[in-house]
Amino acid sequence: MNKLWGHFKTITAHKLAVTKLCFRCGLYKQGLLHDLSKYTPVEFCAGVKYFQGNRSPIDYEKEVKGYSLGWLHHKGRNKHHWEYWLDNAVGGIRPVKMPLHYLVEMYCDRTAASRIYMKENYHDGSAYEYFMNGYDNVIMHEETKAMLKMILEYQRDHGTDATVDFIRKEILKN
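Report follows, based on the coordinates. (Residues numbered from 1 in each chain as written. Predicted model: local features only at pLDDT ≥ 70, side-chain atom pairs only at ≥ 80, totals over all residues. Heavy atoms only, no water.)

The subject of this paragraph is the overall build of the protein. Broken down by element type, the protein carries 9 helices and 2 strands. In sequence order, the secondary structure elements of the protein are arranged as α-α-α-α-α-β-β-α-α-α-α. Relative to its length of 174 residues, the protein is compact, with a C-alpha radius of gyration of 16 Å against a globular reference of 16 Å. Along the first, second and third principal axes, the C-alpha atoms of the protein reach 45 × 45 × 30 Å. Residues classed as buried in the protein amount to 43% of the 174 residues present. If you take every contact in the protein between residues at least 6 apart in sequence, the share linking residues at least 24 apart comes to 60%. Approximately 9,700 Å² of the protein is accessible, and the part contributed by carbon and sulfur atoms is 55%. (Helix = DSSP H or I, 4+ residues; strand = E, 2+ residues; numbered from the N terminus. Rg over C-alpha atoms; globule rule 2.2 N^0.38 Å. Buried < 20%, exposed > 50% of the residue type's maximum accessible area, 1.4 Å probe, protein only. Contact = heavy atoms within 4.5 Å. Areas by Shrake-Rupley, 256 points an atom, 1.4 Å probe, with all protein chains shown as cover.)

To continue, consider a nonpolar patch on the surface. Taken together, the side chains of L4, W5, F8, F23, Y28, L32, L33, L36 and Y39 present a nonpolar region at the surface, about 840 Å² in accessible area. It is helix α1 (residues 2-25) that provides the largest number of residues to the nonpolar patch, a total of 4 residues. Of note, L4 is situated in helix α1. Using a relative accessible area of 36% as the deciding quantity, one classes L4 as partly exposed. (Patch = residues over 30% accessible without salt bridge, like charges linked within 9 Å, V, L, I, M, F, W, Y side chains within 5 Å. Salt bridge = Lys/Arg side-chain N within 4 Å of Asp/Glu carboxyl O.)

Next up on the list: the nonpolar core. Grouped together as the largest cluster of nonpolar side chains are 27 residues, with contacts concentrated most on Y107 and C108. The set of elements that each furnish at least two residues to this core consists of α1, α6 (100-118), α7 (126-133), α8 (142-158) and α9 (160-171). Each residue touching C108, except ones within four places of it in the same chain, is listed here: V18, L21, C22 and C25. (Core = buried A, V, L, I, M, F, W, Y, C linked by side-chain atoms within 4.5 Å.)

Another point: the packing of α6 against α8. Pairs of packed helices are described in terms of their axes, by the angle between the two and the distance that separates them. Look at α6 against α8: their axes get within 10 Å of each other, and the N-to-C directions meet at 45°. By the angle between their directions, the pair α6 and α8 is classed as oblique. The hand of the α6/α8 crossing is right-handed. Across the interface between the two elements, L100, L103, M106, Y107, R110 and T111 from α6 touch T144, M147, L148, I151, L152 and Q155 from α8. Counted by class, the contact of α6 with α8 contains 8 nonpolar, 3 polar and 1 charged residues. (Axes fitted to C-alpha atoms, helices over the stretch in contact; angles between N-to-C directions. Parallel < 35°, antiparallel > 145°, perpendicular 65-115°, else oblique. Left-handed = near helix turned anticlockwise from the far one by under 90°. Nonpolar A, V, L, I, M, F, W, Y, C, P; charged D, E, K, R; others polar.)

Looking now at the pairing of strand β1 (residues 86-89). Where β1 and strand β2 (residues 92-95) come together, 4 bridges link them in antiparallel fashion. Residue A89 lies in a different strand from β2, and its bridge partner there is G92. Count of turn residues in the β1/β2 antiparallel hairpin: 2 residues, of which G91 carries a positive phi of about 95°. (Pairing = 2+ DSSP bridges.)

As a further point, take the environment of V42. Within the secondary structure layout, V42 lies in helix α3 (residues 41-49). The partly exposed category is assigned to V42, whose relative accessible area is 34%. For the pair V42 and Y60, spaced 18 residues apart in sequence, the C-alpha separation works out to 16 Å. Those residues in contact with V42 that sit more than four places away from it in its chain are L69, G70 and H73.

Now for the layout of surface pockets. The space that makes up the largest pocket amounts to roughly 1,200 Å³. Around the largest pocket sit 42 residues that line it, and S56, D59, W71, H81 and Y130 are the ones nearest its centre. Per-element accounting of the lining of the largest pocket gives the leading share, 8 residues, to α6. Per-class residue counts for the lining of the largest pocket are 15 nonpolar, 16 polar and 11 charged. (1 Å grid on protein atoms, 1.4 Å probe; cavity = no way out; pocket = protein on both sides within 12 Å on 5 of 7 lines; lining within 4 Å. Points joined across faces, edges and corners; volume = space filled by probe spheres on them.)

So this is what it looks like as structure tokens:
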């Protein structure tokens, strides 16, 4: 029961944090709908089983099993993940450029996840550091990758409030 409650609290706190950040960026529908698939049986049950509290249960499940059915389900239903935008085109896997509103939701997701998992160790550069730690392994469209890096650098250097203003005024201005 402890893992069940812990996982439920963690994903709900994450969802609420992303919702608030999406709302601040003007992404109201995306904020409301963000990560609802985490409450479906395939994702939720795996999340409870592999819950540790300090990182995503998906990572632990992958270490144990070599894959995660919950993740396969999640990334296929949530367009704010770069993995959603991979296509097996002629010649191999090809990254597709993400629409800006999903890229901004990805920023919100990464920032909120850093806050939730890092707790008191979180700082405005946390999401940037996490992104850069896996940068070479990300198969993301080059423009999408450059834009996300720029937003996370902006947050690192100017803080979340200034980044939200920058997103509203410069990135999502249309």
